[in-house]
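# Topology and contacts: notes
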Amino acid sequence: MTIFEKATREKFRYPSAKGLLTTEQLWELPLTAKSGFSLDDVAKAVNAELKATATESFVATETNPAKATLETKLEVVKHVIAIRLAEDQAAKAAAAKKLEKEKLLAVLGRKQDTVLENLTEAELLARINNL
């Protein structure tokens with residue numbers, strides 16, 4: 001069973017400043033925000049819950065059943081963060097390529113204009129007649 005299958009079957013809810021969120025709502029959150037309503041904040045909250053289950057006991061021998069669920073919740077949030085970071089990097093790379101292409105096209109246009117400016121009147125007339 002994948003972590004997302006488990007998350008949806010068990011109806012995981014994630015703590016946030018706006019209340020409990022579903023797994024699907026994680027995709028809509030910003031990576032970071034000042035408001036406490038971001039993927040980073042959700043991951044910190046789940047991680048804090050997970051750390052709270054790891055309190056050491058010298059009497060209890062069985063593990064806390066919530067620990068496995070919290071570990072899976074944290075894996076889901078970390079996976080969403082990793083995908084969103086990769087998407088952001090890809091978008092930045094695409095924007096940089098687009099800007100580079102626009103610059104190259106502008107330079108090419110200027111060079112082509114210079115070539116046309118250097119044509120003789122006869123060459124210009126011949127090109128016009130061929131169109």
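In this report, the structure presented in the accompanying data block is examined.

Parameters and conventions
- Residues numbered from 1 in each chain as written.
- Predicted model: local features only at pLDDT ≥ 70, side-chain atom pairs only at ≥ 80, totals over all residues.
- Heavy atoms only, no water.
- Helix = DSSP H or I, 4+ residues; strand = E, 2+ residues; numbered from the N terminus.
- Expected span 1.5 Å × (residues − 1).
- Buried < 20%, exposed > 50% of the residue type's maximum accessible area, 1.4 Å probe, protein only.
- Arc of directions from axis to C-beta.
- Contact = heavy atoms within 4.5 Å.
- Salt bridge = Lys/Arg side-chain N within 4 Å of Asp/Glu carboxyl O.

### Focus: helix α3 (residues 39-53)
- Look at α3: 21 Å from first C-alpha to last across 15 residues, which is about the 21 Å you get at 1.5 Å a residue.
- L39, V42, A43, V46, L50 and T53 are the residues of α3 that are buried. The arc that holds every buried residue of α3, seen down its axis, measures 100°, which confines them to one face. In α3, those exposed residues whose orientation departs by more than 90 degrees from the buried face are K44 and K51.
- Where α3 is buried, its residues contact α2 (23-26) and α4 (65-117).

### Description of the pattern of salt bridges
- Evaluation of the coordinates by the stated rule reveals 4 salt bridges.
- Across the pair K44 and D40 runs a salt bridge whose closest N-O atoms are separated by 3.3 Å. Here K44 pairs with D40, and both are found in helix α3, just 4 residues apart, close to one helical turn.
- Here K78 makes a salt bridge to E75, at a shortest N to O gap of 3.3 Å. Placement of both K78 and E75 in helix α4 is noted, with a separation of 3 residues, approximately one turn of the helix.

So far we have only geometry, and geometry alone does not tell us how the molecule works.
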